Amino acid sequence: MRLKSAALAIVCALAPMQSWAQTPSPTSQALSACLLRSASEADRIVLIRWIFVAMARHPSVSGLAAIPDAQRVAANRQMGALFNRLLLDSCPNETRASFQAEGEKALEIPFGTLGEAAMTGIMDHPDVNASVIEMTAYLDNARLGALIGPPPTQP
């Protein structure tokens, strides 16, 4: 059951509305640092691909991305291997300490931190940036400007 809640924590960590109101404990900080240090750029891509595949199954977006079962299974297998390597091989001491101190919530902040780093890498790609910027063509700049007012003057 712990791994299911950990997997859910990874997905939730990337949700834009997720807030980490709690202050990370020293064990969470140590595990976060170890995960960041141990995960390569390729590992971060595995994480993002797995999250994308999982999210693509939601009925509200499933029509936008058809993921064949073989690719879904491959993404799950790769993420399982990454999860095992990071927690059991790269960061076993930090993982143990985090579970002893945090219990079921041991992986929320550390994998949230890793997910955030992975998402930043994805969002920084020029093609992704271009797609995000396309949305601004539909903003009501006049109303937004009236709402927030003129920029502050600089001394």
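Notes on the structure follow. (Residues numbered from 1 in each chain as written. Predicted model: local features only at pLDDT ≥ 70, side-chain atom pairs only at ≥ 80, totals over all residues. Heavy atoms only, no water.)

**Remarks on the overall build of the protein**
The helix and strand inventory of the protein stands at eight helices and zero strands. Along the protein, helices (α) and strands (β) appear in the sequence α-α-α-α-α-α-α-α when read from the amino end. Within the protein, the fraction of its 155 residues that count as buried is 27%. Across the protein, the fraction of contacts at a sequence separation of at least 24, relative to all contacts at a separation of at least 6, is 81%. (Helix = DSSP H or I, 4+ residues; strand = E, 2+ residues; numbered from the N terminus. Buried < 20%, exposed > 50% of the residue type's maximum accessible area, 1.4 Å probe, protein only. Contact = heavy atoms within 4.5 Å.)

**Concerning the packing of helix H2 (residues 26–38) against helix H6 (residues 108–123)**
Where H2 meets H6, the axes come as close as 8 Å, and the angle between the chain directions of the two elements is 35 degrees. Classified by chirality, the crossing of H6 by H2 is right-handed. Touching Ser28, Leu31, Ser32, Leu35 and Leu36 of H2 are Ile109, Pro110, Phe111, Thr113, Leu114 and Ala117, all from H6. Residue classes in the contact of H2 with H6 are distributed as eight nonpolar, three polar and no charged. (Axes fitted to C-alpha atoms, helices over the stretch in contact; angles between N-to-C directions. Left-handed = near helix turned anticlockwise from the far one by under 90°. Nonpolar A, V, L, I, M, F, W, Y, C, P; charged D, E, K, R; others polar.)

**Some remarks on the nonpolar core**
Among the nonpolar cores identified, the biggest contains 21 residues, and Leu35, Leu47, Met79, Leu87, Leu107, Phe111 and Leu114 are the most heavily contacted of them. Sorting the residues of this core by element identifies H2, helix H3 (41–55), helix H4 (69–90) and H6 as the ones contributing at least two each. (Core = buried A, V, L, I, M, F, W, Y, C linked by side-chain atoms within 4.5 Å.)

**What about the pattern of salt bridges?**
Evaluation of the coordinates by the stated rule reveals three salt bridges. Salt-bridge contacts for Arg72 lead to Asp69; the nearest nitrogen and oxygen are separated by 3.4 Å. Here Asp69 and Arg72 lie together in helix H4, a separation of three residues that amounts to about one turn. On the basis of relative accessible area, Asp69 is assigned to the exposed category, the value being 53%. Of the charged contacts in the structure, one is a salt bridge between Lys105 and Glu108, with a shortest N-O distance of 3.7 Å. For Lys105, a relative accessible area of 45% corresponds to the partly exposed category. (Salt bridge = Lys/Arg side-chain N within 4 Å of Asp/Glu carboxyl O.)

**What to know about the state of the cysteines**
Summed over the entire model, instances satisfying the criterion amount to one disulfide. Shown here is the disulfide that connects Cys34 with Cys91, its sulfur atoms set 2.0 Å apart. Across the S-S bond linking Cys34 and Cys91, the dihedral sits near -95 degrees, which makes this disulfide left-handed. Of this pair, Cys34 sits in helix H2 while Cys91 sits in the loop between H4 and helix H5 (92–102), and the two are 57 residues apart along the sequence. For Cys34, a relative accessible area of 2% puts it in the buried group. A relative accessible area of 0% means that Cys91 is categorised as buried. (Disulfide = S-S within 2.5 Å.)

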